[in-house]
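Architecture and fold: a report
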Amino acid sequence: MAEAPRITLRPATRADFGLIRRWLARPDIQDWWGPVAATEAEVNMALGAEHAICRIIEADGEPVGYAHAVDATLWGDNLPADLEPGTWDLDLFVAAEEHRGKGVGQAALGLLRDEVFATTLAVAVCIFPSVKNERAVRAYEKAGFRWQSVWHDPHTGPSWFMVAKRGDPSA
């Protein structure tokens, strides 16, 4: 049995944008992240934001995906009413198909969540997976996220609003 790859996060920079754009243009990434124009704008905003953490997910040193965490207020007023002030929104994808379904996304999510709690005053982190993406929802549950409500994402439709709070032992 092959040994699981070592998952790390490294800072994403403007130099990585070409790679990220190629990933965002793929239909399988658009299925969960939304249309290219919207996702490119989101990544650009995160890369330029003071209150954002942008990372390239690596498996044994090779780039396999992208992740970011941003102060949720960066996205404006179109947020769930029960989103607690001081919550950061996490988003990620594993682009390398050979690394999907093997815990890479869950490991990257845990690393990003821990980095947010170690480096910011965030009270919680949240994620908005599509209600159709059951595999991702199960991974987020394993990473300590709990369902709050269904929220309508303007780009991808109905999504679960899931939260992990600082200090929650399951997070």
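Please read these numbers as outputs of a predicted model, since none were measured by experiment. (Residues numbered from 1 in each chain as written. Predicted model: local features only at pLDDT ≥ 70, side-chain atom pairs only at ≥ 80, totals over all residues. Heavy atoms only, no water.)

**Here we look at the overall build of the chain**
The number of helices and strands found in the chain is five helices and seven strands. When the helices and strands of the chain are listed from N to C terminus, the series reads β-α-α-α-β-β-β-α-β-α-β-β. Computed over the C-alpha atoms, the radius of gyration of the chain is 15 Å, within 12% of the 16 Å expected from 2.2 N^0.38 for a compact globule of 171 residues. Across its three principal directions, the C-alpha atoms of the chain cover 40 × 35 × 30 Å. In the chain, buried positions account for 47% of the 171 residues. The long-range fraction of contacts in the chain, counting pairs at least 24 apart against all pairs at least 6 apart in sequence, stands at 62%. Working note: accessible area of the chain is about 8700 Å², and carbon and sulfur atoms make up 53% of it. (Helix = DSSP H or I, 4+ residues; strand = E, 2+ residues; numbered from the N terminus. Rg over C-alpha atoms; globule rule 2.2 N^0.38 Å. Buried < 20%, exposed > 50% of the residue type's maximum accessible area, 1.4 Å probe, protein only. Contact = heavy atoms within 4.5 Å. Areas by Shrake-Rupley, 256 points an atom, 1.4 Å probe, with all protein chains shown as cover.)

**Comments concerning the pattern of salt bridges**
With the rule as written, the count across this model stands at eleven salt bridges. Salt-bridge contacts for Arg10 lead to Asp16; the nearest nitrogen and oxygen are separated by 2.9 Å. Among the residues examined, Asp16 registers a relative accessible area of 10% and is labelled buried. Arg55 serves as the salt-bridge partner of Glu115, at 2.4 Å between the closest nitrogen and oxygen. Residue Glu115 is found in helix α4 (residues 104-119), and its partner Arg55 is found in strand β2 (residues 52-59); the two are separated by 60 residues along the sequence. Under the relative-accessibility criterion, Arg55 is labelled buried at 14%. Here the residues in one salt-bridge network are Arg26, Asp28, Glu97 and Arg100, joined through shared partners. (Salt bridge = Lys/Arg side-chain N within 4 Å of Asp/Glu carboxyl O.)

**Focus on the pairing of strand β7 (residues 157-165)**
With four bridges joining them, strand β5 (residues 124-127) and β7 adopt antiparallel strand pairing. Note on β7: the bridge partner recorded for Cys126 is Val163. Pairing geometry for strand β6 (residues 146-153) and β7, over seven bridges, is antiparallel. Within the sheet, the bridge partner assigned to Trp147 lies in β7 and is Met162. Taking the residues between adjacent antiparallel strands as the criterion, β6 and β7 are bridged by three residues. (Pairing = 2+ DSSP bridges.)

**A look at the environment of Ile127**
The topology assignment puts Ile127 in strand β5. Separated by 37 residues in the primary sequence, Ile127 and Leu90 place their C-alpha atoms 5.4 Å from one another. Non-local contacts of Ile127, meaning those with residues more than four positions away in its chain, are made with Asp89, Leu90, Leu109, Tyr140, Phe145, Trp160, Phe161 and Met162.

**Description of the packing of aromatic side chains**
Going through the model one piece at a time under the given rule, you end up with eight aromatic pairs. When the centroid spacing of 6.1 Å and the interplanar angle of 40° are considered together, the rings of Tyr66 and Phe93 count as tilted. One end of the pair, Tyr66, is in strand β3 (residues 62-71); the other, Phe93, is in strand β4 (residues 87-94), with 27 residues separating them in the sequence. Grouping residues by exposure puts Tyr66 and Phe93 together as buried. Ring geometry for Phe128 versus Trp151: centroids 4.9 Å apart, planes at 50°, classification tilted. (Phe/Tyr/Trp six-rings, centres within 6.5 Å; stacked < 30°, edge-to-face > 60°.)

**A few points about the state of the cysteines**
Tallying each qualifying case throughout the model produces zero disulfides. No disulfide involves Cys126; its sulfur sits 15 Å from the nearest other cysteine sulfur, which is in Cys54. The buried category is assigned to Cys126, whose relative accessible area is 0%. (Disulfide = S-S within 2.5 Å.)

**Considering the environment of Ala164**
Examined against the element boundaries, Ala164 turns out to sit in strand β7. Residue Ala164 is classed as buried on the basis of its relative accessible area of 0%. Expressed as a C-alpha distance, the spacing of Ala164 and Pro129, which sit 35 residues apart in the sequence, is 14 Å.

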